[in-house]
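# Architecture at a glance
Below are the chains, spelled out letter by letter.
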Amino acid sequence: MHEDSDETLMLAYAQGDAKAFEVLYGRYRQSLYGYFLRHVSDEPTANDLYQGCWEKVIRGRKRYRERSPFRAWLFHIAHNHLVDHYRAQRSTAPLPDSLAEESTREPPAQLAEDDRSMAFRAALAELPQEQREALSLRLDAGLSQEEVARVTGVGKETVKSRLRYGIRKLREVLP
């Protein structure tokens, strides 16, 4: 079963094969969670979005068709789920700074890695939403430019442009 294609596994899951779902979940755990974490930079929110996305996959399993790769279908759901999250956030006020998370002491090597990760996330957060989305779908999801275009509803040339400008901006601000 581990050698089966994603599409075959999803079709099997749609027919009730829970083991097929477990394999898909394992294959996409890192990339899907990373996709959300890059967008929200907040682990609890990323976890909520991650779980919510899988819930949508579970509810939509009967509607899955093999017309496009499973990876593109999954990240299309993730993209839409993230858009819904941002829409809901517009109506809520930000938390006061006094509720910010306390920092914990960590070993120097971990702090250096955390600093690099935070710098990358901060630089990514400064990109326009369209560039950030294209980069996340390409890097986290491993989608091709054509698949990113399908997920986001724009042309391939637009995706190429967003990727190029996003990478250029990241190179300008990151050491």
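Here, the structure is the one placed above.
Residues numbered from 1 in each chain as written. Predicted model: local features only at pLDDT ≥ 70, side-chain atom pairs only at ≥ 80, totals over all residues. Heavy atoms only, no water.

### Some remarks on the nonpolar core
Selection rule: Among buried residues, the Ala, Val, Leu, Ile, Met, Phe, Trp, Tyr and Cys ones that are joined through side-chain atoms within 4.5 Å form a nonpolar core. Here's how the labels work: a residue is buried when its accessible area is under 20% of the maximum for its type, exposed when over 50%, partly exposed in between, all with a 1.4 Å probe on protein chains only. By definition, any uninterrupted DSSP run of H or I lasting at least four residues is a helix, any uninterrupted run of E lasting at least two residues is a strand, and each is numbered from the N terminus.
If you look at the biggest cluster of nonpolar residues, it comprises 42 residues, and the most contacted ones within it are L32, F36, L74 and F75. The set of elements that each furnish at least two residues to this core consists of α1 (6-14), α2 (18-40), α3 (43-60), α4 (70-90), α5 (108-126), α6 (129-139), α7 (145-152) and α8 (156-173). If you tally residues by element for this core, the top one is α2, at 10 residues.

### Section: the packing of aromatic side chains
The criterion, for reference: Stacked, edge-to-face and tilted labels apply to pairs of Phe, Tyr and Trp rings (six-membered ring for Trp) whose centres lie within 6.5 Å, assigned for plane angles under 30 degrees, over 60, and everything in between, in that order.
Overall, the coordinates contain 13 aromatic pairs when judged by the stated rule. Each ring, one from F21 and one from Y25, has its centre 6.0 Å from the other, and the planes form 40°; the classification is tilted. Taken together, the residues F21 and Y25, both in helix α2 and four residues apart, mark about one turn of the helix. By relative accessible area, which is 22% here, Y25 ends up partly exposed. Taking 6.0 Å as the distance between ring centres and 85° as the angle between the ring planes, the aromatic pair formed by Y33 and Y50 counts as edge-to-face. Residue Y33 is located in helix α2, and its partner Y50 is located in helix α3; the two are separated by 17 residues in the primary sequence.

### Considerations on the pattern of salt bridges
Our working rule: Salt bridge, as used here, is a side-chain nitrogen of Lys or Arg placed within 4 Å of a carboxyl oxygen of Asp or Glu.
A full pass over the atoms with the stated rule returns five salt bridges. Linking R87 and D84 is a salt bridge whose minimum nitrogen-to-oxygen distance equals 3.8 Å. Linking R87 with D84, this pair stays in helix α4, spanning three residues, or about one helical turn. Classification of D84 as partly exposed rests on a relative accessible area of 36%. As a salt-bridge pair, K156 and E146 come within 2.9 Å of each other at their nearest N and O atoms. Within this pair, whereas K156 is found in helix α8, its partner E146 is found in helix α7, the two being separated by 10 residues in sequence. Residue class for K156 comes out partly exposed when judged on its relative accessible area of 35%. Accessibility expressed as a relative area gives 37% for E146, which makes it partly exposed. The structure contains a network of salt bridges with shared partners spanning K56, D84 and R87.

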